[in-house]
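An overview of the molecular structure
If you want the building blocks of each chain, they are given just below.
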Amino acid sequence: MAVVADSGDPGRARSFAAALAVVAGGFASLGLPPLGLPVAAAGLAWLHARRGPLAAVIASLVAGAATFVVDPTGPLYVTLWLLAVGPAAAALLKRSRFESVVLGIAVLVAVVWGGAVVGAAAAQGTDVASMFRSTTRQAVSQGLLDARSASADTAEAQRQVDELVEAVVRVLPAVLAFLAGVTAVGSVGAAVVVLRRIGVEVAGVPPLAEFDLDPRAVWPLIVAVVLIAVDKFSRGWRDGLLGVIGENLLLTMRWVLFAQGVAVFAGLYERAKMSRAGRALGYATLAITEAILPLVSLTGLVDVWLNFRRLPRDGRTDATQPSG
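Not measured: the values here are computed from a predicted model.

1. Focus: helix α3 (residues 53-66)
- For α3, with 14 residues, the first-to-last C-alpha span of 20 Å sits near the 20 Å given by 1.5 Å per residue.
- Inspection of α3 places Ala56, Ala59, Ser60, Ala63 and Gly64 among the buried residues, and these make up the whole buried set. All buried residues of α3 project into a common sector of 125° when viewed along the axis, lining one side. Turned more than 90 degrees away from the buried face of α3, the exposed residues are Leu54 and Val62.

Shown next as structure tokens:
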């Protein structure tokens with residue numbers, strides 16, 4: 001990616017502002033990665049384009065190291081996050097589609113996040129499930145037990161707490177995957193906006209009606225179904241480990257396919273020339289429907305195979321048939 005020169009006092013002021021955004025985003029990502037990393041990504045994209053990839057890498061390292069003053073372990077994971085949403089994202093945007101870059105960055109963010117969680121559990125001398133089980137129980141038990149304090153049925157209240165805790169812990173990987181995806185969309189989107197505004201040619205954010213998954217995206221869904229089936233067949237091998245993995249993968253793919261389904265309906269809204277208010281109402285209806293029945297995500301799954309919108313798929317496969 002060519003470096004766009006920006007000299008003079010205004011250029012130095014913008015460089016300082018970009019570096020400040022990186023530092024602020026790095027600190028914010030300690031508590032809210034989906035909010036902090038997009039802010040940092042915008043600053044890193046500007047530095048990458050105006051000052052070069054090395055400047056973006058240095059800014060990532062410095063900002064990541066600075067988080068030590070708040071969290072001694074911050075540099076271990078925030079630095080990697082900044083390198084992913086900054087230099088890595090800017091480089092990938094030059095040669096790949098927006099969706100592909102988002103997927104790649106989401107995987108990187110999730111891997112680092114998972115490593116940080118495992119490291120935190122190891123530092124406490126426990127495992128991830130036990131750590132989150134304890135944290136979740138503390139968060140929910142007090143309120144629920146207080147609500148039952150006037151009742152003699154405290155055993156029932158404790159049973160409800162235990163069930164809620166186990167449910168939360170069971171879907172934790174899918175929740176982290178979802179948050180990583182949201183973070184990646186925000187970060188890559190922020191980088192695209194900044195880079196295009198200063199004249200750098202990169203892959204743009206596609207209109208929602210043109211969002212389209214690679215047909216090979218169905219493979220994780222197939223793997224999830226196989227894992228759940230094997231778990232049932234093996235009657236809960238290792239306390240249902242395969243089933244937990246399959247369920248989390250299935251839940252993650254449901255969110256991905258929901259986005260594909262929403263894109264299908266966005267195409268329909270566009271053809272019908274619906275007003276913005278009508279589209280907003282339509283999207284809200286889709287969200288409510290999906291919360292009750294997975295009809296939107298199923299629509300997305302079918303569209304991956306049948307390509308209802310007849311979108312070009314960059315020569316990856318025939319318009320009506322996904323590659324195997």
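2. Here's the deal with helix α10 (residues 237-271)
- With 35 residues, α10 extends 50 Å between its outermost C-alpha atoms, agreeing within 8% with the 51 Å of an ideal straight helix rising 1.5 Å per residue.
- The axis of α10 is deflected most strongly, by about 25°, at Val244.
- Of the residues one or two after α10, Lys273 is the one with positive phi, at around 55°.

3. Focus on a nonpolar patch on the surface
- On the surface, Val171, Val175, Phe178, Val182 and Trp255 cluster together into a nonpolar patch covering about 350 Å² of accessible area.
- The residue Phe178 is located in helix α8 (residues 172-197) in this model.
- Owing to a relative accessible area of 38%, Phe178 belongs among the partly exposed residues under this scheme.

4. A short note on the layout of surface pockets
- In this structure, the second largest pocket encloses a volume near 330 Å³.
- Thr73, Tyr77, Ala116, Val117 and Ala120 are, among the 19 residues lining the second largest pocket, the residues nearest its centre.
- Of all the secondary structure elements, the ones that give two or more residues to the lining of the second largest pocket are α4 (74-93), α5 (98-123) and α6 (128-147).
- Here the lining of the second largest pocket takes 8 residues from α5, the largest share from any one element.

5. Brief notes about the pattern of salt bridges
- Enumeration over the complete set of coordinates arrives at 6 salt bridges.
- In this structure, Arg170 engages Glu247 in a salt bridge whose closest nitrogen and oxygen atoms are separated by 2.7 Å. Linking Arg170 in helix α7 (residues 154-170) with Glu247 in helix α10, this pair joins segments that are 77 residues apart in sequence.
- Residue Glu247 is classed as partly exposed on the basis of its relative accessible area, which comes to 33%.

6. Quick look at unusual backbone geometry
- Despite not being glycine, Lys273 shows a phi value in the positive range, around 55°.
- Of note, Lys273 is situated in the loop between α10 and α11 (276-292).
- Assessed through its relative accessible area of 72%, Lys273 is described here as exposed.
- Despite not being glycine, Asn307 has its phi angle at roughly 55°, a positive value.
- Residue Asn307 is classed as buried on the basis of its relative accessible area, which comes to 0%.

Rules of the game
Residues numbered from 1 in each chain as written. Predicted model: local features only at pLDDT ≥ 70, side-chain atom pairs only at ≥ 80, totals over all residues. Heavy atoms only, no water. Helix = DSSP H or I, 4+ residues; strand = E, 2+ residues; numbered from the N terminus. Expected span 1.5 Å × (residues − 1). Buried < 20%, exposed > 50% of the residue type's maximum accessible area, 1.4 Å probe, protein only. Arc of directions from axis to C-beta. Bend = angle between axes of the 7 residues up to and from the residue. Patch = residues over 30% accessible without salt bridge, like charges linked within 9 Å, V, L, I, M, F, W, Y side chains within 5 Å. Areas by Shrake-Rupley, 256 points an atom, 1.4 Å probe, with all protein chains shown as cover. Salt bridge = Lys/Arg side-chain N within 4 Å of Asp/Glu carboxyl O. 1 Å grid on protein atoms, 1.4 Å probe; cavity = no way out; pocket = protein on both sides within 12 Å on 5 of 7 lines; lining within 4 Å. Points joined across faces, edges and corners; volume = space filled by probe spheres on them.

Coordinates in, geometry out; function isn't part of it.
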